[in-house]
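Structural characterization, general
Here are the chains, one letter per residue:
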Amino acid sequence: MDGFFDIPSDLQHSWLGLIGLHVREAGLPVLAGLLIALPLAQLCVRFRWLYPPVLWVTTVLYAIPSLAFFVVLIDYTGQTELTVMIPLTVYTLVILVPAIVDGVRSVPQETIAAATAMGFGPVRRYVQVQLPIAVPAIVAGLRVATVSSISLVSVGALIGNQGALGNLINDANIYNRPELAVNAVVTMAVLAILADGLLVVVRLLMTPWMPSGARARRAQRPEPEVAAR
């Protein structure tokens, strides 16, 4: 473990500082993507013709390699964190928009009709009825987007050391210190696991009416047949 946490001075951060930077560069795009995806998904639910072109555009953007994104953006945003976070926000939209649309569309029509009869307008019905019921689908999308974002931040090392923990991989090659690459990979994996676990806890807290894993398995298990006497 000698030198495992000995971070080269050219990175201008300690190991904990790189973790904080990585969390910021990965978390802010997911948050921004969620804030954009929520109203966009509602428009796609309300106007069904809008969903295919939105999905097509986001999918095409997702297919663009992050390095190509950087080349286009760097003339406008420079070698900054913003150059890394904009593509990650776009990639997050590709995951979250379908997840939210599918979750909202899964809400029973009887529930929507009851809310409408109670005087709920479209916005209030979306926020107070449809979104809470769609929480499991939304959190599932968030889990994928978050883990993906944590992984992709490391690509920012290609543009002026903006890859947070990914910069350690670059320095591992420069200084011939493979333990730095191991540090980066292990730390990013742990961050992804912790973030995923946190989102699972959030889902459990926001959906107390849903059965947990053990109870769900017991509920789905068929009752044993009583032998005839």
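That block above? That's the structure.
Because the structure is predicted, anything quoted here is derived from the model rather than measured.

We now examine the nonpolar core. In terms of nonpolar packing, the biggest core is built from 26 residues, with Leu18, Ile150, Leu165 and Leu168 touching the most fellow members. Of all the secondary structure elements, the ones that give two or more residues to this core are helix 1 (15-46), helix 3 (66-77), helix 4 (81-105), helix 8 (166-174) and helix 9 (178-206). Every residue in contact with Ile150, bar those within four places of it in the chain, is listed here: His22, Ala26, Met188, Leu191, Ala192 and Ala195. Grouped together as the second largest cluster of nonpolar side chains are 23 residues, Ala37, Leu50, Tyr51 and Val101 included.

We now examine the side chain of Thr83. Among the structural elements, Thr83 can be located in helix 4. Ignoring anything within four residues of it in the chain, the contact list for Thr83 reads Phe70, Leu73, Ile74, Thr77, Gly78 and Ile159.

Turning our attention to the packing of aromatic side chains. This structure, assessed with the given rule, holds two aromatic pairs. For the ring pair Phe47 and Trp49, a centre distance of 6.5 Å and an interplane angle of 50° mean the geometry is tilted. Judged by relative accessible area, Trp49 falls into the exposed class, the value being 63%.

Here we come to the packing of helix 1 against helix 9. Following both chains from N to C, one finds helix 1 and helix 9 inclined at 50°, their axes separated by 12 Å at the closest point. Considering their axes alone, helix 1 and helix 9 lie oblique with respect to each other. For the element pair helix 1 and helix 9, the recorded crossing hand is right-handed. Of the residues in helix 9, those touching helix 1 at Trp15, Ile19, His22 and Val23 are Asn183, Thr187, Met188 and Leu191. In terms of residue class, the contact of helix 1 with helix 9 is made up of five nonpolar, three polar and no charged.

Rules behind the numbers
Residues numbered from 1 in each chain as written. Predicted model: local features only at pLDDT ≥ 70, side-chain atom pairs only at ≥ 80, totals over all residues. Heavy atoms only, no water. Core = buried A, V, L, I, M, F, W, Y, C linked by side-chain atoms within 4.5 Å. Buried < 20%, exposed > 50% of the residue type's maximum accessible area, 1.4 Å probe, protein only. Helix = DSSP H or I, 4+ residues; strand = E, 2+ residues; numbered from the N terminus. Contact = heavy atoms within 4.5 Å. Phe/Tyr/Trp six-rings, centres within 6.5 Å; stacked < 30°, edge-to-face > 60°. Axes fitted to C-alpha atoms, helices over the stretch in contact; angles between N-to-C directions. Parallel < 35°, antiparallel > 145°, perpendicular 65-115°, else oblique. Left-handed = near helix turned anticlockwise from the far one by under 90°. Nonpolar A, V, L, I, M, F, W, Y, C, P; charged D, E, K, R; others polar.

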